[in-house]
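# Residue-level structural notes
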Amino acid sequence: MPRIHLPIVILLAAPSAVAFAQDTARVPAVDAVAQLVTRLELERYKATIKGLTQFGDRRQGTARNRAAVDWIEQQLRSYGCSDVSRFTYDFQVPPPRAPGQRPDSAQRPPRDTVRGAGGSRYRGIRTRTGVNNDSLRQPDAALRKLNAEPSTSGERQEVYCTKVGATHPEEMYIIGAHMDGIGWGEAANDDGSGTAIVLELARIFSSADVQTERSIRFALWNNEETGLNGARAYVAQRQALQGKEDPAGSGRYPEPKWLGMIQHDMMLFDHGMPRPDGSLSPEQRPEADVNIEFQSSSKFAEGAQRLAWTFQQANEKYATDYPASVGAHMTNTDSGPFQDLVAAISLRENERGAQIGAGWDPNWHQPTDRYVTYSDKDFRLGLNAAQTTLAAIAQLAGATIK
Ligand SMILES: [Zn+2]
C-alpha cells in the first residue's frame, strides 16, 4: 500500500530536516566551539594524569588522598578558576569482613548470570573481575610503600570550582570525576583519566578570554570507590540550596540550579571483548568508542537521554579520532546520586554494566592501573572524551571567545 506508506515517511522525515536546517543556521562564521576544542592537547592531558599518579592510588581517608585534593586545588587556582571551594563531609569506614566471607577476586568463579549492573545484559565472552586488596601483588616496592597507609574514618573533603555564567549565574552544568582510587596501583585510568578531563576543561573554560552564559561547576568527587559517598554527601547537603541568591541582592549563587550532571569515569582502555582464553588485545581497538550512558529507569530518563544525544552529536562534529555511542544503563558512578533530580549521564571507555562488568578492562582496580600501562592510543580515547564534553558543554552553556 505505497499510497498510505509514502506520506508517513515524509511526515517522519520533515521535523528532523527542519531541525537540521536550524542547526546549520545557528553555526556562526567563526566557530568558538571548534577553537576551544583545539586548546585540548594530548601531551597536557597525559601530564595531568601523570601528576595525579604521584599520589599513588589516592585511597580515601589517607594522607596521600588529602595531598591529592591539595594538588587538585592548586591546579584549579593556577588555571584562574574562580570560587574554588572545599566541600566537607564525614565518612565512617565499614568494619572489614571476616575471612572467608568475601573470596579474593582471583579465586572467585565467574558469575553465571546474563544480567549485568544497571539493567544491562552480558553477551559473548566474560572474564573475572574484582578488586585487588593484596599489597604484595604490587611488584614496585616504592609504590607499595606509597599506598601502604590504610583508610581511617572521619572528615573528608573534595574540591570544586565554578565558571560563573555571565547572563545566567543562577544555573549550572556539573562536570565531574572521582579523584580517589583503589587496587594498589596508581588509579591512572580509574579515575585519573576522568579527573584529568575535568581539570583540563576547568583550565580551558577559566581562560580570561572565554565567557559562558550559564555557569559550569568542575567537581572532583572523593569516596567514589566506597559507594559514591562523596557525591551522595554533596547531593544531601546542597540540593536544597539550588538557585538561591546568597546574600540576597548580591548576584551570587553558591549553588546554581542544576541543569545536568556529567560524570567521567575510566576513559582510556577499549581493547575489545576478552578472547576465549581470557586474554585481551594488547592494543586499543581501532573501532574504540566513547560510551555515553544514561539510566533508563531514572526519573529524569527523558532529559538524560536528550543530553546523551547532544553529547553524541558534539562528538560527531568535534572529536578528532574516536566516535561515541549512547547506552541506557548508566550505573555505579557519581552521576547516580543525581539521576532522579536532574538529567545525568556518564562518559566511559566502555559500558559499565555489560562490558567493564564482563572483564573488558583487565587493569580495573588492579596493581597494573599505572600510567606506564597505557599507550598514546589509549590516552587519545580519553582526549576524545574531553573533546566531546568540552564541545557539548560549550554549546549548552553558551560559550564565546572575546
Ligand atoms: Zn571509577
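Residues numbered from 1 in each chain as written. Predicted model: local features only at pLDDT ≥ 70, side-chain atom pairs only at ≥ 80, totals over all residues. Heavy atoms only, no water.

### Some remarks on the side chain of Arg-352
For Arg-352, the position within the fold is in the loop between strand S9 (344-348) and helix H9 (376-396). Nearest to the buried, unbridged Arg-352 among oppositely charged side chains is Asp-265, at 6.9 Å. Leave out the neighbours within four places in its chain, and Arg-352 touches Glu-293, Thr-331, Asn-332, Gly-357 and Trp-364. (Helix = DSSP H or I, 4+ residues; strand = E, 2+ residues; numbered from the N terminus. Buried < 20%, exposed > 50% of the residue type's maximum accessible area, 1.4 Å probe, protein only. Lys, Arg positive; Asp, Glu negative; His and termini not counted. Salt bridge = Lys/Arg side-chain N within 4 Å of Asp/Glu carboxyl O. Contact = heavy atoms within 4.5 Å.)

### Considerations on the coordination of the zinc ion
As a benchmark, a tetrahedral metal site with four donors has ideal angles of 109.5 degrees, while an octahedral site with six donors has ideal angles of 90 or 180 degrees. Within the protein, the zinc ion binds to His-178 (NE2), Asp-190 (OD), Asp-265 (OD) and Asp-265 (OD); these donor distances fall in the range 2.0 to 2.8 Å. Each of the four donor atoms around the zinc ion contributes to a set of angles spanning 51 to 150°, which defines the coordination as irregular. Spacing between the donor residues of the zinc ion along the chain follows H-x11-D-x74-D. Taken together, the positions of His-178 in strand S3 (residues 168-178) and Asp-265 in the loop between strand S6 (257-264) and strand S7 (290-293) put the pair 87 residues apart, joining distant regions of the chain. Judged on exposure class, the residue His-178 and its partner Asp-265 are both buried. (Donors = N, O, S within 2.8 Å, 3.2 Å for Na, K, Ca; no water. Tetrahedral: all angles 85-135°; square planar, octahedral: opposite > 155°, others 65-115°.)

### Thoughts on the pattern of salt bridges
Taken as a whole and assessed by the stated rule, the structure comprises 21 salt bridges. A salt bridge links Asp-140 to Arg-370, with the shortest nitrogen-to-oxygen separation between them at 3.1 Å. Of this pair, Asp-140 sits in the loop between strand S1 (85-91) and helix H5 (141-146) while Arg-370 sits in the loop between S9 and H9, and the two are 230 residues apart along the sequence. Note on Asp-140: relative accessible area 26%, which makes it partly exposed.

### Section: helix H8 (residues 301-318)
Compared with an ideal rise of 1.5 Å per residue, which puts 18 residues at 26 Å, H8 spans 25 Å between its outermost C-alpha atoms and is within 8% of the ideal. Buried positions along H8 lie against helix H2 (32-37), S6, S7, strand S8 (324-327), S9 and H9. (Expected span 1.5 Å × (residues − 1).)

### Some words on the nonpolar core
Formed by 69 residues in total, the largest nonpolar core has its most connected members in Leu-76, Phe-205, Phe-218 and Ile-345. Here this core takes ten residues from H9, the largest share from any one element. Beyond its immediate sequence surroundings of up to four residues, Phe-205 is in contact with Lys-163, Val-210, Thr-212, Ile-216, Phe-218, Leu-390, Ile-393, Ala-394 and Ala-399. One finds Ala-219, Trp-221, Val-235 and Phe-338 within the second-largest nonpolar core, a separate group that totals 18 residues. (Core = buried A, V, L, I, M, F, W, Y, C linked by side-chain atoms within 4.5 Å.)

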